[in-house]
Structure formats: C-alpha cells, structure tokens
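Coordinates in review
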Amino acid sequence: MGTVFATVDDLPAAVGQHLGYSDWMEITQERVNQFADATGDHQWIHIDPERAAAESPYGTTIAHGYLTLSLTNMFLPSLITVEQLSMGINYGVNKVRFPAPVPVGSRIRVGAELSSADEIAGGVQAVITITVEVEGSPKPACVVESLTRYLR
C-alpha cells in the first residue's frame, strides 16, 4: 500500500518516510523475450532457457537489468500519489545499481523511500529511492534513485 499526499507542498515534510510496498509480480519468460525484442538485447542468458539451464550460474534465464529498472516506473504510482497537481514528470535517475539477478519465474516487488523533496520553479523535485526485491533473495535486484518533478 502506498502513500497519498494531498498537495505537492506536503512532500518536503515527508522526507525520510517509507512510502510502502507494491504488490508482487511474476517475471515471465514472455516479458523478458518482449523486452529483448524491444531493445535488441538477445543475449542467451535472457532468452535461451535450455542453454541457461546448462551453462548459466543461475540455472535459468534472468531478466535484463534494464527491464527490472523500467518496471520501477510501472510500480511507482502504486507507492506515491499526489492528489492536487498539474502533472508529474519523470525527470531521470541519479544512480542505479543491480546487486542481484532476477531469475525468470521469480516474483518481484518494490519498496520506496522519499529521500529528498526540493522546491523548483512551479513545484517540487523528489528523489525517491526505489528498491526492487526478489522474493526469497537476501539481496535486492535493483536500487535506483528516481527523480520525479511534481508540478503545481
């Protein structure tokens, strides 16, 4: 369950607050293959289950790191809502790390913390640290400092 803010002006007071967790989502081979087709990254570690079972240290195919990163944008609206604003803009990222793989067939979810919220012209720029967890794994799959501009 995520966190709801009435206005953009409520964000600075919430810096350091955990925003909640998303629902779990299974990473399927179909999703990985679609990402491979969209990006042209057809490395066998992602798309060849038989070869991955035989040769990969993970024993199965794994999601692309950038697929895992891109899914954070899908999850983010379930973690933070600002009710009164003209728009929210994905402004980029400060830092991204991929500490652990996401095996196909595993489930992921994200948690997030509001790391900063600074006044900008017309609104607030928030840094939200998003952590992608793999069910049963001690290490996160992805940690990203995501920048969002919430405009009044």
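Treat the numbers as computed from the prediction; the structure is a model and nothing was measured. (Residues numbered from 1 in each chain as written. Predicted model: local features only at pLDDT ≥ 70, side-chain atom pairs only at ≥ 80, totals over all residues. Heavy atoms only, no water.)

Here the focus is the pairing of strand β6 (residues 107-120). By the bridge criterion, three bridges tie strand β2 (residues 18-21) to β6 in an arrangement that is antiparallel. Residue pairing in the sheet places H18 in a bridge with E113 of β6. Sheet analysis places β6 next to strand β7 (residues 123-134), joined by twelve bridges and oriented antiparallel. Directly across from R109, in β7, lies its bridge partner E133. Hairpin remark: β6 followed by β7, antiparallel, with two residues in the connecting loop; positive phi at G122, about 85 degrees. (Pairing = 2+ DSSP bridges. Helix = DSSP H or I, 4+ residues; strand = E, 2+ residues; numbered from the N terminus.)

Looking at helix α1 (residues 29-39), one finds that the buried residues are Q29, V32, F35 and A36. In a view along the axis of α1, the buried residues occupy a sector of 125 degrees, so they form one face of it. The exposed set on the far side of α1, more than 90 degrees from its buried face, consists of E30, D37 and A38. In the core, the buried residues of α1 are packed alongside α2 (44-47), α3 (49-55) and α4 (65-79). G40 occupies a position one or two residues after α1 and carries a positive phi of about 80 degrees. (Buried < 20%, exposed > 50% of the residue type's maximum accessible area, 1.4 Å probe, protein only. Arc of directions from axis to C-beta. Contact = heavy atoms within 4.5 Å.)

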